[in-house]
Amino acid sequence: MKISERVERVPPSGIRRFFELTEELDDVISLGVGEPDFTAPWSAREAAIDSLERGRTSYTANRGMAALREAIAERSRERYDLDYDPDEEVLVTAGASEAIDVAFRAFVDPGDRVAIAQPSYVSYVPGVTFAGGEPVPIPTGEADDFELTAEALREHGAADAEALVFCYPNNPTGATMSKQDLEPIAAFAREHDLTVLADEIYADLTYEGDHTSIATLPGMRERTVVFNGFSKAYAMTGLRLGYALAPPEAITAMNRVHQYSMLSAPTTAQHAAIDALDNCDDAVVEMRSQYDRRRRFVLSRFDEMGIDCFTAKGAFYVFPESPWEDAEAFAEALLDAEGVAVVPGDVFGAGGEGHLRVSYATGMNELREAMDRIERFLD
Ligand SMILES: Cc1ncc(COP(=O)(O)O)c(C=O)c1O
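Residues numbered from 1 in each chain as written. Predicted model: local features only at pLDDT ≥ 70, side-chain atom pairs only at ≥ 80, totals over all residues. Heavy atoms only, no water.

Asker: Describe the packing of helix α2 (residues 14-23) against helix α12 (residues 327-338), listing the residues and the values that go with them.
Answerer: Packed helix pairs are specified by the crossing angle of their axes together with the interaxial distance, meaning the distance between the axes. It is at 11 Å that the axes of α2 and α12 come closest, and there the two elements cross at 20°. The angle between the axes of α2 and α12 places the two elements in the roughly parallel class. Every pair of crossing elements has a handedness; the one defined by α2 and α12 is right-handed. For the pair α2 and α12, the contacting residues are Arg17, Phe18, Leu21 and Thr22 in the first and Glu328, Ala331, Glu332 and Leu335 in the second. (Axes fitted to C-alpha atoms, helices over the stretch in contact; angles between N-to-C directions. Helix = DSSP H or I, 4+ residues; strand = E, 2+ residues; numbered from the N terminus. Parallel < 35°, antiparallel > 145°, perpendicular 65-115°, else oblique. Left-handed = near helix turned anticlockwise from the far one by under 90°. Contact = heavy atoms within 4.5 Å.)

Asker: Lay out the sheet that holds strand β3 (residues 113-118) with the relevant residues and their values.
Answerer: As summarised here, the arrangement of the 7 strands in space is β2-β8-β7-β6-β5-β3-β4, forming an open sheet in which the pairing is mixed. Sheet topology places β2 (90-93) and β4 (134-139) at the edges, where each strand pairs with a single neighbour. Strand-to-strand twist across the sheet, computed as the mean angle between neighbouring axes with direction ignored, equals 20°. Across the sheet, helix α4 (residues 66-80) touches β2 and β8 (242-245), and the angle it forms with β2 is around 115°. Across the sheet, helix α5 (residues 95-107) is in contact with β2, β5 (163-167), β6 (195-199), β7 (224-229) and β8; its angle to β7 comes to roughly 160°. (Pairing = 2+ DSSP bridges.)

Asker: Hey, could you go over the sheet that holds strand β11 (residues 343-344) for me, with residue numbers and the actual values?
Answerer: What holds strands together in a sheet is hydrogen bonding between their backbones, with the strands either parallel or antiparallel. Read across the open sheet, the 3 strands follow the order β9-β12-β11; overall the sheet is antiparallel. Of all the strands in the sheet, the pair left with one neighbour each is β9 (317-318) and β11. One ladder, built from 2 bridges, connects β9 with strand β12 (residues 356-359); its direction is antiparallel. Bridged to Val318 within β12 is Val358.

Asker: Tell me about the environment of His355, and please be specific about residues and values.
Answerer: Mapped onto the secondary structure, His355 falls in the loop between β11 and β12. Considered as a pair, His355 and Cys309 are 46 residues apart in the sequence and their alpha carbons are 9.1 Å apart. Here Glu142 takes part through its side chain, which lies 3.1 Å from a polar atom of the side chain of His355. Polar contacts involving the side chain of His355 include one to the main-chain carbonyl oxygen of Glu353, which spans 3.1 Å. (Polar contact = N/O pair within 3.5 Å; in protein donor to acceptor, adjacent residues only side chain to side chain.)

Asker: Residue-level account of the layout of surface pockets, with values.
Answerer: Rolled over the atoms, a probe as big as a water molecule pinpoints where empty space is left. By volume, the largest pocket is sized at about 1,000 Å³. Around the largest pocket sit 41 residues that line it, and Ser13, Ile15, Tyr121, Val122 and Ser123 are the ones nearest its centre. At the level of elements, α2, α5 and α6 (124-130) are the ones that each hand at least two residues to the lining of the largest pocket. Of the residues that constitute the lining of the largest pocket, the class distribution is 19 nonpolar, 14 polar and 8 charged. The space that makes up the second largest pocket amounts to roughly 150 Å³. Taken together, 16 residues form the lining of the second largest pocket, with Thr176, Met177, Ser178, Glu208 and Lys313 sitting closest to its centre. Of the residues assigned to the lining of the second largest pocket, the class counts are 4 nonpolar, 6 polar and 6 charged. (1 Å grid on protein atoms, 1.4 Å probe; cavity = no way out; pocket = protein on both sides within 12 Å on 5 of 7 lines; lining within 4 Å. Points joined across faces, edges and corners; volume = space filled by probe spheres on them. Nonpolar A, V, L, I, M, F, W, Y, C, P; charged D, E, K, R; others polar.)

The structure is reproduced here in structure tokens:
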């Protein structure tokens, strides 16, 4: 069977490879996955069960249930000053992943250059490639606290791009960007007429300072698409629910792709999501405070071991420097010797080399044991 050249060009996910290695071993502690160890709040699960008991098993409107779009718009306005019309400016999708994918397909023409701040979530480069675009990596580094800078954009050719993708709080580094730091990025986007695709799925998991969306900066609302979802803050990864916020013409274009590929996001999950927004704030606060405790613990243990690690301020990852020059060799040897799985940073692209991504979305006891094992491995 002929496989498309676009698909042939995209290698299998580097994270997957590490998952597969862990499956062959016993007694593995995985700090490799980007998935909450919590279960979705009970009340959201109950809403899902209730929707099934009532037989709500049909498609919803393509754009998502009106009640959910309203709840999303209200929450985004209250919490992040993002003012979007629920009828025309919100699209509910099967996870943020689908929102990102339909955005690439809606906005990228063959050969379009799309700048991607890296290290980055692993789906952006393949997503742009599948859409026929040309990914343009824009490295960020520890010297700038893994924040995107206008200098990096200029230096790496973003001025000629059609669009710019970035994610703060960031997967894999845990970096965040303040309003002040976003201003030059917004100025660059305005000057070079870039569409900005801002993945803010970790916005509710910000531990130091407040989250600012670039869409709230002057002149940015009309050129930005904001992605968010329920997977991370609400521990609802398996329910597959996300959304995009953008001006009407952008949502209409994205919905054109979405309505032919997905029809509508999962109905049961939409009922759970309405409940999550209505009733689960306390659960999110509790999960966030536990992540924060773990974050501090992991950072302090790396510090005690003499491993240089930038102070991650959001998401649930830290991104220490690899104790060995070859981070992949280190990750494999650590897995082999001590059964601790971490992901080499180069999997996430430019700027990630020589680092490791360590997820602390793992219970405190396991985390303690994993850090002890890493320390033992280094001795
Ligand atoms: C930055 C980022 N965006 C999007 C996603 C996908 O989220 P969802 O489960 O909503 O598709 C992830 C999942 O790891 C992520 O880390």
